[in-house]
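A closer look at the structure
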Amino acid sequence: MRTALADFVRNTPEGREAHAILRSCVHCGFCLPTCPTYQLLGDELDSPRGRIYLMKQLLEGEPVSSGTQLHLDRCLTCRACESACPSGVQYGRLLDIGRAVAEERVSRGPAVRLKRYLLRKILPHTRRVRAVLAVARLVRPLLPRELAAPATRAPEGRASPWPATRHARRVLLLRGCVQPALRPEIDAAAAQVLDRIGISVILPQGSGCCGALTHHLSAAQETLEHVRRNVDALWPHIEAGAEAVVVSASACASMLTEYGRLLQADPAYADRAARVTALARDIAQVLAGEREALRGAFEGAAATRPLTAAASATRVAFHAPCTLQHALKVSGTVEALLTAAGFVLTPVGDRQQCCGSAGTYSILQPELSERLLRAKVTALESGAPQVIATANIGCLTHIRGGTSLPVCHWVELLAERLSVANA
Ligand code: SF4
Ligand code: SF4
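Now for a look at the structure at hand.

1. Topic: the overall build of the protein chain
Helix and strand content of the protein chain: 26 helices and eight strands. Buried positions account for 54% of the 423 residues belonging to the protein chain. Taking all contacts inside the protein chain whose residues are at least 6 apart in sequence as the whole, residues at least 24 apart take part in 75%. Counting every atom, the protein chain has about 18,000 Å² of accessible surface; 54% of that belongs to carbon and sulfur.

Encoded structure:
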């Protein structure tokens, strides 16, 4: 696409990157059928191609309206369009750049500004999330569904005890912000499974939110504060030989892969941030490399106490989060691990489709989010599963609000299988 960027951005690193991305789009439209907002709204400006065109105009210095911002806000950042694009257009990066410029040029109304401010100031802080949840449970009947869901139902997962640090092989576990408040059982389950295959987990003191929440709200400085704090917290353990930085939320794992790029111009952090990115792994990526050890653990557990036929054939519908399949490009891995553990996967239509959670999207775009949730739950329930599993706390919480089935992280199923068989 021919592009002539405006003076304000042309010679900046972001401008050069955006220029290259814009030029790579050939306007073929192959991405349109995969875009959830285009499917729902049928408006080209709510499609990847339409948004790319809007961002081109924005970066070429044409006047920006709140309409442009609305079309960019409606994007889920699901990146299904990237997976579908034959030209390798890095839509997600272009959106980051375009949204940041729109944020500077279009002023939002006071109510929206307040909402976005509160999201930035509360969600990345575990203690604040716990405090809000405590209040939410008290006033639950007064809350809209998307806010009430996390506070309404007790966790379905079975709490795993946290294992002692006893193995020579060690990984770091970044716990993040919202997940420890909503579902601490997930990280305990991940640690338990890793322990069973000879890997101990270290929780780095001082680490916290990965920065994804503020990043997607175009709050660059706050994001870099989160990123630098995590690099500082992780680094002594990396120097001491930790072999990976593991996350059990795929959105956070995806964000860790951005650390090197985000701090590449900061001489005090560039090398260390690049190393963190090189070591970043979703728990699925770690366990995919340990299939033999896992098989041994399951066989050992089953020999100790065989499962009943009913328990071994638990029917699971797996929802692959967008960050797992489109950002990290991990496809089919979790399904293979669950199958190897004896679970029966039920068919799920439109598996590449976003559930509508998308970070803060369910709060900022509740109507579109709700429509996507309904479609996703219908697809997940169509194969009559007994449980729904996913790989990201945002998706998990969102889907729980739309189904009466239990919803868990898939690693909890593995941990339960190991502990049930050994109980
Ligand atoms: S983003 Fe890719 S698939 Fe979409 S119009 Fe551009 S080149 Fe085609
Ligand atoms: S990221 Fe998702 S919602 Fe946004 S344009 Fe691409 S496919 Fe559509």
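2. Description of the site of ligand 2
Neighbouring ligand 2 are the residues Cys35, Pro36, Thr37, Pro48, Arg51, Cys75, Leu76, Thr77, Cys78, Arg79, Cys81 and Tyr91. At the level of secondary structure, the elements contributing two or more residues to the shell around ligand 2 comprise helix H3 (36-41) and helix H4 (48-59). Here the shell around ligand 2 is composed, by residue class, of eight nonpolar, two polar and two charged.

3. A look at the sheet that holds strand E5 (residues 315-318)
The four strands lie next to each other as E6-E5-E7-E8, forming an open sheet whose pairing is parallel. Either end of the sheet is taken by a strand with one partner, and the two such strands are strand E6 (344-345) and strand E8 (407-409). For E5 and strand E7 (residues 387-390), the ladder comprises three bridges, and the chain directions are parallel. What sits directly across from Ala317, in E7, is Ile388. Sheet contacts for helix H22 (residues 333-340): E5 and E6; angle to E5, the most-contacted strand, approximately 170°. Taken strand by strand, helix H25 (residues 393-400) contacts E7 and E8, and its axis lies near 170° from that of E8.

4. Comments concerning the nonpolar core
The tendency in soluble globular proteins is for nonpolar side chains to be buried side by side. Core analysis: the largest hydrophobic core is formed by 94 residues, its most contacted members being Leu287, Trp410 and Leu414. The residues contacting Trp410, other than those within four sequence positions of it, are Ile283, Ala284, Leu287, Phe318, Val334, Leu337, Leu338, Ala389, Thr390 and Ala391. Counting 24 residues, the second largest nonpolar core, distinct from the first, contains Ala18, Tyr91, Val101 and Ala102.

5. Observations concerning the site of ligand 1
Not every one of the 13 residues close to ligand 1 is listed here, only the nearest: Cys25, Cys28, Gly29, Cys31 and Cys85. Grouping the constituent residues of the shell around ligand 1 by class yields nine nonpolar, three polar and one charged.

6. Observations concerning the pairing of strand E2 (residues 199-202)
Residues Ile199 and Val201 point to one face of E2 and Ser200 and Ile202 to the other, with burial holding for every one of them. Both strand E1 (residues 169-173) and E2 contribute to a ladder of four bridges, which runs parallel. The residue of E2 that forms the bridge with Arg169 is Ile199.

7. Overview of the side chain of Gln353
Position of Gln353 among the secondary structure elements: in the loop between E6 and helix H23 (361-364). Taking the relative accessible area as the measure of exposure, Gln353 reaches 10% and is therefore buried. Contact partners of Gln353, with chain neighbours within four places excluded, come to Thr34, Pro36, Gln39, His319, Leu372 and Lys376.

8. Points about a nonpolar patch on the surface
Taken together, the side chains of Leu114, Tyr117 and Leu118 present a nonpolar region at the surface, about 290 Å² in accessible area. Considering the arrangement of structural elements, one finds Leu118 in helix H8 (residues 110-122).

9. Some details on the pairing of E5
Relative to E6, E5 runs parallel, the two sharing two bridges. Residue pairing across strands places Arg315 opposite Val344, the latter belonging to E6.

10. A closer look at the packing of H4 against helix H5 (residues 66-73)
Close contact between H4 and H5 brings their axes to 10 Å; oriented N to C, the two are set at 135°. Between H4 and H5, the crossing angle belongs to the class labelled oblique. In terms of crossing hand, the pair formed by H4 and H5 is left-handed. The residues of H5 that touch H4, namely those facing Arg51, Leu54, Met55 and Leu58, are Thr68, His71 and Leu72. Each residue belonging to the contact of H4 with H5 can be placed in one class, and the counts come to four nonpolar, two polar and one charged.

11. A few points about the sheet that holds E2
Strand order in the open sheet made by the four strands is E2-E1-E3-E4, with parallel pairing throughout. Each end of this open sheet is capped by a strand with a single partner; those strands are E2 and strand E4 (280-282). Here the strands of the sheet are splayed against their neighbours by 40° on average, with no regard to which way each runs. Together, E1 and E2 form the strand contacts of helix H12 (residues 184-196), whose direction differs from that of E2 by roughly 150°. In this fold helix H17 (residues 270-279) packs onto strand E3 (245-247) and E4, with an angle of close to 30° to the strand it touches most, E4.

12. Some words on the packing of aromatic side chains
Each aromatic ring pair is described using two quantities: the centre-to-centre distance and the angle formed by the ring planes. Here the structure, examined in full by the defined rule, presents zero aromatic pairs. We note Arg105 situated over the ring of Phe8; from NZ or CZ to the ring centre the distance is 4.0 Å. Directly above the ring of Tyr269 sits Arg228, whose terminal nitrogen or CZ lies 5.7 Å from the centroid.

Cut-offs used in this document
Residues numbered from 1 in each chain as written. Chains lettered and ligands numbered in written order. Predicted model: local features only at pLDDT ≥ 70, side-chain atom pairs only at ≥ 80, totals over all residues. Heavy atoms only, no water. Helix = DSSP H or I, 4+ residues; strand = E, 2+ residues; numbered from the N terminus. Buried < 20%, exposed > 50% of the residue type's maximum accessible area, 1.4 Å probe, protein only. Contact = heavy atoms within 4.5 Å. Areas by Shrake-Rupley, 256 points an atom, 1.4 Å probe, with all protein chains shown as cover. Near = heavy atom within 4 Å. Nonpolar A, V, L, I, M, F, W, Y, C, P; charged D, E, K, R; others polar. Pairing = 2+ DSSP bridges. Axes fitted to C-alpha atoms, helices over the stretch in contact; angles between N-to-C directions. Core = buried A, V, L, I, M, F, W, Y, C linked by side-chain atoms within 4.5 Å. Patch = residues over 30% accessible without salt bridge, like charges linked within 9 Å, V, L, I, M, F, W, Y side chains within 5 Å. Salt bridge = Lys/Arg side-chain N within 4 Å of Asp/Glu carboxyl O. Parallel < 35°, antiparallel > 145°, perpendicular 65-115°, else oblique. Left-handed = near helix turned anticlockwise from the far one by under 90°. Phe/Tyr/Trp six-rings, centres within 6.5 Å; stacked < 30°, edge-to-face > 60°. Lys NZ or Arg CZ within 6 Å of the ring centre and 35° of its normal.

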